[in-house]
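Tertiary structure, described
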Amino acid sequence: MYVFMVYVRDQNFFRLLPQKLRRLSSDPERFQVMAFPPLGIQTLAPVLRQHGHRVRLFDTCHPQMQAEHIAQAAEVETPDVIALSCLSTTTYPAVKTLARRLKSAAPHLPIIVGGAFATMNSDRILKDCPDLDCVGVGEGEELLPDYLHNLDDPGSVAGLVWRNAGEIVRNPSRPLI
């Protein structure tokens with residue numbers, strides 16, 4: 001299974017950086033960004049690799065990893081699943097925009113969203129954003145590999161909130177690790 005994992009940041013995040021952090025003066029193609037690495041997807045990627053999955057990480061803080069770049073990569077590389085990280089209310093608009101763009105580029109690809117904000121607002125998110133297929137509630141280290149193994153049977157994945165014939169289904173919760 002080939003998975004795109006995307007750490008979605010506030011659309012204004014890069015513009016808020018101090019000017020001196022935006023570019024290295026010696027190389028106009030090289031960017032510096034604030035040292036807030038996408039720890040969630042960086043933690044999940046090796047877990048997925050241990051389960052035999054290929055993973056590609058994207059961090060939308062980087063100006064060359066925006067929605068259009070990720071959608072283009074999805075069309076060319078055809079991953080099996082796209083996993084988006086949504087940590088806060090400020091990133092949710094960017095998640096919706098990215099999900100819409102990705103579904104437009106690759107309508108058959110399932111898109112799962114996780115993270116703190118997604119966990120606390122799973123039902124609302126699925127009602128509000130038809131381009132997202134499901135929400136992983138809680139910790140992803142066990143949920144995401146389980147979801148990837150059971151794409152044809154989402155009802156068997158503990159902690160998953162998903163749509164079935166237009167109705168939102170909340171599977172039993174998963175115990176914390």
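These figures come from a predicted structure and were not determined experimentally. (Residues numbered from 1 in each chain as written. Predicted model: local features only at pLDDT ≥ 70, side-chain atom pairs only at ≥ 80, totals over all residues. Heavy atoms only, no water.)

Overview of helix α8 (residues 140-149)
Every buried residue belonging to α8 is among Gly 140, Leu 143, Leu 144, Pro 145, Tyr 147 and Leu 148, and all of these are buried. Taken together, the buried residues of α8 touch β1 (2-7), α3 (39-50), β5 (81-85), β6 (111-114), β7 (134-136) and β8 (160-164). (Buried < 20%, exposed > 50% of the residue type's maximum accessible area, 1.4 Å probe, protein only. Helix = DSSP H or I, 4+ residues; strand = E, 2+ residues; numbered from the N terminus. Contact = heavy atoms within 4.5 Å.)

Examining the confidence of the model for the protein chain
The pLDDT averaged across the protein chain works out to 87; a share of 85% of its residues lies at or above 70. Predicted confidence in the protein chain is weakest over helix α1 (residues 13-16), with a mean pLDDT of 51, and strongest over β7, with 98. (pLDDT = per-residue confidence, 0-100.)

Concerning the packing of helix α4 (residues 67-77) against helix α5 (residues 92-105)
The interhelical angle for the contact between α4 and α5, taken along N-to-C directions, is 30°, at an axis separation of 9 Å. Classified by the angle their axes make, α4 and α5 are roughly parallel. Seen from above, α4 lies across α5 with right-handed handedness. Where α4 approaches α5, its residues Ala 67, Glu 68, Ile 70, Ala 71, Ala 74 and Glu 75 are matched on the opposing element by Leu 98, Arg 101, Leu 102 and Ala 105. (Axes fitted to C-alpha atoms, helices over the stretch in contact; angles between N-to-C directions. Parallel < 35°, antiparallel > 145°, perpendicular 65-115°, else oblique. Left-handed = near helix turned anticlockwise from the far one by under 90°.)

Focus: the pairing of strand β9 (residues 167-170)
Where β8 and β9 come together, four bridges link them in antiparallel fashion. Bridge pairing links Val 161 to Arg 170 in β9. Here β8 hands over to β9 after two residues, with Ala 165 in that stretch at a positive phi of 55°. (Pairing = 2+ DSSP bridges.)

Re the environment of Asp 80
When you line up the elements, Asp 80 lands in the loop between α4 and β5. On the basis of relative accessibility, which here comes to 35%, the residue Asp 80 falls in the partly exposed class. Residues Asp 80 and Leu 109 lie 29 residues apart in sequence; the distance between their C-alpha atoms is 6.4 Å. Setting aside its immediate chain neighbours within four residues, Asp 80 contacts Met 1, Tyr 2, Leu 109 and Pro 110. A polar contact of 2.7 Å, which involves the side chain of Asp 80, links it to the backbone nitrogen of Tyr 2. (Polar contact = N/O pair within 3.5 Å; in protein donor to acceptor, adjacent residues only side chain to side chain.)

Comments concerning the nonpolar core
Counting residues in hydrophobic clusters, the biggest one holds 33 residues, and the most contacted among them are Ile 82, Leu 84, Leu 102, Val 113 and Leu 132. Those residues in contact with Leu 102, other than ones at most four positions away along the chain, are Ile 70, Ala 71, Ala 74, Ile 82, Leu 84, Pro 107 and Ile 111. One finds Val 3, Ile 112, Cys 134 and Trp 162 within the second-largest nonpolar core, a separate group that totals 19 residues. (Core = buried A, V, L, I, M, F, W, Y, C linked by side-chain atoms within 4.5 Å.)

Here we look at unusual backbone geometry
In the Ramachandran plot, Thr 78 falls in the positive-phi region, its phi being about 40° despite a non-glycine side chain. As for its placement among the helices and strands, Thr 78 is situated in the loop between α4 and β5. Positive phi is not limited to glycine here, since Ala 165 has a value of about 55°. Within the fold, Ala 165 resides in the loop between β8 and β9. Here Ala 165 falls in the exposed class, since its relative accessible area comes to 76%.

Regarding the layout of surface pockets
Estimates place the volume of the largest pocket at around 340 Å³. The wall of the largest pocket is formed by 21 residues, among which Leu 44, Gly 114, Gly 115, Gly 138 and Gly 140 lie closest to the centre. For the lining of the largest pocket, the elements supplying multiple residues, two or more each, are α3, β5, β6 and α8. The residue inventory of the lining of the largest pocket, partitioned by class, reads eleven nonpolar, eight polar and two charged. (1 Å grid on protein atoms, 1.4 Å probe; cavity = no way out; pocket = protein on both sides within 12 Å on 5 of 7 lines; lining within 4 Å. Points joined across faces, edges and corners; volume = space filled by probe spheres on them. Nonpolar A, V, L, I, M, F, W, Y, C, P; charged D, E, K, R; others polar.)

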